[in-house]
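# Notes for the structure review
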There are 4 protein chains.
Amino acid sequence: MTSTPSASGAAGSPGVAVIGYAFMGKAHSHAWRNVASLRPGAPGVRQQVLVGRDPEAVAMAARQYGWAESATDWRAVIERDDVDIVDVCVPGHLHGEVAIAALEAGKHVIAEKPLANTLGEAEKMVATARAAREHGVHSMVGFNYRRVPALVLARRHIAEGRLGDVRQVRVSYLQDWLADDAAPMTWRLRRELAGSGALGDLGSHAVDQVRFLLGQEVTAVNALTHTFVRERQGVDGPEEVSVDDAAWGTLRTDGGAVVSLEVTRMATARKNALGIEVYGSNGALRFDLESLNHLDLCLDGSEGFRRVLVTDQDDPYIDGWWPPGHVLGWDATFTNQAADLLAALAAGEEPTPSFEDGLAVQRVLAAIEESAARGGSCVDVDA
Amino acid sequence: MTSTPSASGAAGSPGVAVIGYAFMGKAHSHAWRNVASLRPGAPGVRQQVLVGRDPEAVAMAARQYGWAESATDWRAVIERDDVDIVDVCVPGHLHGEVAIAALEAGKHVIAEKPLANTLGEAEKMVATARAAREHGVHSMVGFNYRRVPALVLARRHIAEGRLGDVRQVRVSYLQDWLADDAAPMTWRLRRELAGSGALGDLGSHAVDQVRFLLGQEVTAVNALTHTFVRERQGVDGPEEVSVDDAAWGTLRTDGGAVVSLEVTRMATARKNALGIEVYGSNGALRFDLESLNHLDLCLDGSEGFRRVLVTDQDDPYIDGWWPPGHVLGWDATFTNQAADLLAALAAGEEPTPSFEDGLAVQRVLAAIEESAARGGSCVDVDA
Amino acid sequence: MTSTPSASGAAGSPGVAVIGYAFMGKAHSHAWRNVASLRPGAPGVRQQVLVGRDPEAVAMAARQYGWAESATDWRAVIERDDVDIVDVCVPGHLHGEVAIAALEAGKHVIAEKPLANTLGEAEKMVATARAAREHGVHSMVGFNYRRVPALVLARRHIAEGRLGDVRQVRVSYLQDWLADDAAPMTWRLRRELAGSGALGDLGSHAVDQVRFLLGQEVTAVNALTHTFVRERQGVDGPEEVSVDDAAWGTLRTDGGAVVSLEVTRMATARKNALGIEVYGSNGALRFDLESLNHLDLCLDGSEGFRRVLVTDQDDPYIDGWWPPGHVLGWDATFTNQAADLLAALAAGEEPTPSFEDGLAVQRVLAAIEESAARGGSCVDVDA
Amino acid sequence: MTSTPSASGAAGSPGVAVIGYAFMGKAHSHAWRNVASLRPGAPGVRQQVLVGRDPEAVAMAARQYGWAESATDWRAVIERDDVDIVDVCVPGHLHGEVAIAALEAGKHVIAEKPLANTLGEAEKMVATARAAREHGVHSMVGFNYRRVPALVLARRHIAEGRLGDVRQVRVSYLQDWLADDAAPMTWRLRRELAGSGALGDLGSHAVDQVRFLLGQEVTAVNALTHTFVRERQGVDGPEEVSVDDAAWGTLRTDGGAVVSLEVTRMATARKNALGIEVYGSNGALRFDLESLNHLDLCLDGSEGFRRVLVTDQDDPYIDGWWPPGHVLGWDATFTNQAADLLAALAAGEEPTPSFEDGLAVQRVLAAIEESAARGGSCVDVDA
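Scope of this entry: the structure provided in the associated data block. (Residues numbered from 1 in each chain as written. Chains lettered and ligands numbered in written order. Predicted model: local features only at pLDDT ≥ 70, side-chain atom pairs only at ≥ 80, totals over all residues.)

## Structural notes on the interface of chain B and chain C
In many analyses, interface size is given as the accessible surface area lost on bringing the parts together. Across the boundary between the two partners, chain B contributes 47 residues, which contact 46 residues of chain C. Looking at the side of chain B that touches chain C, the elements with two or more residues in it are strand 1 (2-3), helix 1 (23-38), helix 2 (55-65) and strand 4 (69-71) of chain B. Here the side of chain B that touches chain C is built from residues that sort into 23 nonpolar, 19 polar and 5 charged. (Contact = placed C-beta atoms within 7 Å. Helix = DSSP H or I, 4+ residues; strand = E, 2+ residues; numbered from the N terminus. Nonpolar A, V, L, I, M, F, W, Y, C, P; charged D, E, K, R; others polar.)

Shown next as structure tokens:
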């Protein structure tokens, strides 16, 4: 019999602290718990500490999600010697404060998307990240859909020119959780906390995918936003909804593509439908997040869309998972993301997407908001 | 043995002349040839005369398509006593001239879409149609997709409130016949002949469907158009493409809905993909012209989309066709359209869509062009 | 102005008589009415006479469907000099009588499928057809799904070896019109009139497709049949259902393929779902009649299924129809069938599928019934 | 700061040993590592020891998959006091030996499917399980697809009568990994090791689902099996394939349903396509494992199939996972299975499916083999 230290206690493995234990904290915990299983021989991590405000609730979550400890004071945690990576899963308006402090404490940081609620804060985060990078301290923003195998494959085909010149992109992110007028008020519908509505939440993924898939920058936008239900029932009576329910944009890229974008929380019958279509001069592709293992491909001028189940051993990430035909879940995107982050850190390289990528997305979103405020007129995106 | 006059020779049946024998002339001929079979006991028509410029070619087409005669002079034909209905299938820039002359000659007119290439011409057509109507002479514009059974069913569900308040509509019309840079120059790519590109050709259908399905008017638009391939090979060398390859718009309606619109001839792998999605507060629906017998329905707050094959006897038009499950083709939309026109004429009523409907679509398209010319700024649609 | 004889009156065109004016008579009338439009320059037909038992009803149908005359005595009609082709659309138990008489009267014959209700009758029909052929009188059985463009394309790919060796075929034909226990008794559920139930009606199409697509003969079968609802309400009270509601079979071919077959009228929610899957050593394909313009193709060892809209100009039959992306309906299969019949007759060739093909299908169906009667044991198909 | 014991070290949590660390051992490890996160407050497990023959390889696997230790002697492991549950992931011909020994050592056992390679061995396992159960020692067979949320939902709808009486079931399990003639010989193709081919591997899942979904027993079968490629290249030259490549069956149940079954490893372009269709007198449903979060439902006599994304909080298992629209992967079925096993053990109840369920499946498979050996004749299933 051979005694082996468990993956989560491996000496020399980096220690991780996750700040936040709600939906995103749970998803990131899942990733840290499973990341070692993806890569034979790769270093695992120590699931060191889960941080939250409510001591009992976070303690229970820590037990449930496999953490060695829980804590309530994130400032103390980021100073700990046994913490090497700080994973920021707090609400968006707190991203900057936590991420900057952690970087300044010399910890690698991964921050959930969107990078920040305001452009100013995002810029400060980038400045800090750049300074930290000089000292070998790295950072990453958590656009997890960059780790969907089908989308990585899509990007590869585009980069290899198998669609020809990309001309039109259609990207939509449709959800329905606000379609019901009677859906109650939440903090997500208050501008001061959430920054924006569907635009920041869903539009940030959509814009990131455009940049990721095409390897191009958005240079100008025309856009509109709209709030269909302007008042919702709060705990103490009706409250104003101060963010958008939906946003529409037409984006131009520095590669000459035109992108139509539509994001909404009002699309009855659509649960989590991030839909992407890319049309090039010699091919096309389609993707739908609700069927995230599938990709429709028309390559090299062939006819019609070929529907591919992206689960072969040579498909992105799959060699760490299961045999062909055994589909992955949404959670796998986080596990893949954690693996990529660890690999970059082990190699002493900056992981992607960087905070600069996060800022680039924020600038597009800001241009969208400005265009919307100006009745849909064209607005250039700051470089 | 009972001797019966053939449907096309029925005494008292209206006589039809089709002006134009290309793609649309062929499709309309198909409709006139088959319309009698749709409605037991309904009067048929006399397929009197097919008109074209090339005497031999039109004579052969007439034989092939079931016409009693062919002719080359449309002006003479519209004066004939044995012609009651003039069906205008000439290119768009000639619609006005033929339709107005025919109406003034006291003939009922059906004109292919779009109503005209210019707003001015469309307005003249409407004025003439109104005057003619006073004398019991009727007119119709040929938006044949109003006769897709699935779309008529969609409209019915929306009108009955089974989707609740309609908030977002996504309408796209994607084709790929210009995706190849080497596709040659045609008259359809010259502004002076075609009026516009994808916008007029595909956008007119898209806008008409918005009006048809929602029963609402478009009041304001933001839009862009783009020509990806600015020069194509003509017979005598490269020529400038002076119309749009694609157009994008965000439309608002007087019912409070927001519509995203995208039409293009550059969507590699999409052949004839008129896609419509309607999201309401309590339901949703989806349609794709490439599967025109299917409709995806979420009604009355139920869960997910129910995929319905719209071929039941109580579905629109189906009682004249085949038993459940026996699908219709694209051509059936013209036959249904002809049947509706005949029924309206028999009842002495104005058929729909009227020239006014055609003009309303043109006004939206004109606003789209104006917005595009102004960099995407908001433009109101003239009432 | 050029005066042209109408297609249906073209001198020298063959004259057609359709015997039967119910569902199939209507569909065949549609085909004869439209066949001339499919092939520029090809001879049309004279729609001479429609035959039925009820003089008033058949006269109205004749007017509606474009026939010059109606008649009630098919024996007189098949003797007429102005009738060249007799199209047999009567119920199956009368196929033999009418077809044999017509052939003996020197008329070309097309008979609806299945060829006959009994093997003995089918054999007599084949004997008569062979004798007639000696004198240049031809015959055809109406397996119209051989004229679905997607299935012709499928056959072509299989014949060219692009699927490799075909090993497994899955063919099912699922309808739901008897799923409801309360669906009333009809003649189709009486063995003495209908011969069999789902097996003959749907199974004949399924077996014909296997022979057509693979170009192989079925050599042995194991099969079961079942009647789920043994009694249904007739006009005068409950009656026994004496045919099968559903049938299942495992068929082997002389090419080494194994075919699973399932046909049923009890498949709730399926309207007209003839589904075919073919798996070869180097490719595969899928088809569903409810989406009859689509074909899913995996050719030459490529990955996944490519979904093709079979509407390109070089796809089977399409050059006679519409531009790419404009889908065909179920009725087009009959029009294509009529065109092929006319082309064969014009060339003095025997059209396909022949009565021998019809008999071959009957022999497989008979073997299926025998196997079912013997508890599913293996039964060889007579050559 | 609160110090919490990690889930995997929780005092009082049951200790688990997994025997086998290949594909199934990895999947089960994944489940044990994640099971605690599914149920707030539920006890987790100790991932105690992973067992395999190669000491270095199993040690690396143990580290990677989160186990405290590795070991090579399963007989020693099942005697350990810190092991409460033995999870049998060895090849099928060893299931009996390990499971029986572990049960006799007083450990709860979960054994991968199929329960055993021979009926005799399966019967011994059931006898042992029954004896153990008397002493509070429980057992389970790992038909993980019973834990697909969509299939649990399907079963619920069937049980509640929302499909009416189930009449026809179509179940197929199509894979393509042997479609290529050049695919090499493996132990899975040798009867003495694998027991059978597609039949045992895929057919066991298919038969279990029939029993699970319908709550009915299979009483009689007609079946065939076939080996398309009879020889494959082994390490030392060509070897005989002694198991089936594909199997077909028609099964009858004690509830009056007829089931068609087809399983194969030769279905080019199909990766892991377990397809299930259930047709009842008043509804129907469809499922495809390659899209395992979706279920097509026709309930209570409604029209067409409603496509549901089974990810709502009240869908089976989902409350332990993610918000609506965030899809699960294939691996989730094992995590759900582990959670159900732990819940049953905590309640002192026998988990399902039991070894008896596993034996019932084996009896159906044995009847299929017997029928195939007798040319497809009907064979009753022993009760």
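## Some details on the interface of chain A and chain C
Contacts between chain A and chain C engage 7 residues on the former and 7 residues on the latter. Across the side of chain A that touches chain C, the residue classes break down as 3 nonpolar, 1 polar and 3 charged. The pairing of strand 17 (residues 305-309) of chain A with strand 17 (residues 305-309) of chain C spans 3 bridges and is classified as antiparallel. Bridged to A:Phe305 within strand 17 of chain C is C:Arg307. (Pairing = 2+ DSSP bridges.)

## Concerning the relation of the copies chain A and chain C
Relating one copy of the chain to the other requires a rotation about an axis plus a shift along that axis. In the superposition of chain A on chain C (RMSD 0.0 Å, axial shift 0.0 Å), the rotation amounts to 180 degrees. Overall, the copies show the geometry of a two-fold rotation axis. Closest to the rotation axis within chain A is the C-alpha of A:Arg306, separated from it by 1.8 Å. Interface overlap between copies is the fraction of interface residues in one copy that are interface residues in the other; for chain A against chain C it reaches 100%, indicating a shared surface. (Least-squares fit on C-alpha atoms with pLDDT ≥ 70 in both.)

## Notes on the packing of helix 4 (residues 95-104) of chain B against helix 5 (residues 119-134) of chain B
Residues and elements named next belong to chain B. Viewed as axis vectors pointing N to C, helix 4 and helix 5 meet at an angle of 10 degrees, and their least axial separation amounts to 10 Å. By the angle between their axes, helix 4 is roughly parallel relative to helix 5. Where helix 4 abuts helix 5, its residues Gly-96, Ala-99, Ile-100, Leu-103 and Glu-104 lie against Glu-121, Lys-124, Met-125, Thr-128, Ala-129 and Ala-132. Class assignment for the residues of the contact of helix 4 with helix 5 results in 6 nonpolar, 2 polar and 3 charged. (Axes fitted to C-alpha atoms, helices over the stretch in contact; angles between N-to-C directions. Parallel < 35°, antiparallel > 145°, perpendicular 65-115°, else oblique.)

## Describing the packing of helix 1 of chain B against helix 9 (residues 332-347) of chain B
Each pair of packed helices can be summarised by the angle the axes make with each other and by the distance between the axes. Residue and element names in this part refer to chain B. Viewed as axis vectors pointing N to C, helix 1 and helix 9 meet at an angle of 65 degrees, and their least axial separation amounts to 8 Å. Like other packed secondary-structure pairs, helix 1 and helix 9 cross with a definite hand, here right-handed. Together, Ala-27, His-28, His-30, Ala-31, Trp-32, Asn-34, Val-35 and Leu-38 of helix 1 and Phe-334, Thr-335, Gln-337, Ala-338, Ala-339 and Leu-342 of helix 9 make up the contact between the two elements. Here the residues of the contact of helix 1 with helix 9 sort into 9 nonpolar, 5 polar and no charged. (Left-handed = near helix turned anticlockwise from the far one by under 90°.)

## Observations concerning the environment of C:Ala122
Residues and elements named next belong to chain C. Locating Ala-122 in the fold gives a position in helix 5 (residues 119-134). Ala-122 gets classed as buried once you count the C-beta atoms within 10 Å, which come to 26. Remark: the alpha-carbon pair of Ala-122 and Gly-304, spanning 182 residues in sequence, is separated by 42 Å. Setting aside its immediate chain neighbours within four residues, Ala-122 contacts Leu-115, Ala-116, Gly-358, Leu-359 and Gln-362. (Buried ≥ 20, exposed ≤ 12 C-beta atoms within 10 Å, placed from the backbone.)

Keep in mind these numbers describe shape, not what the thing actually does.
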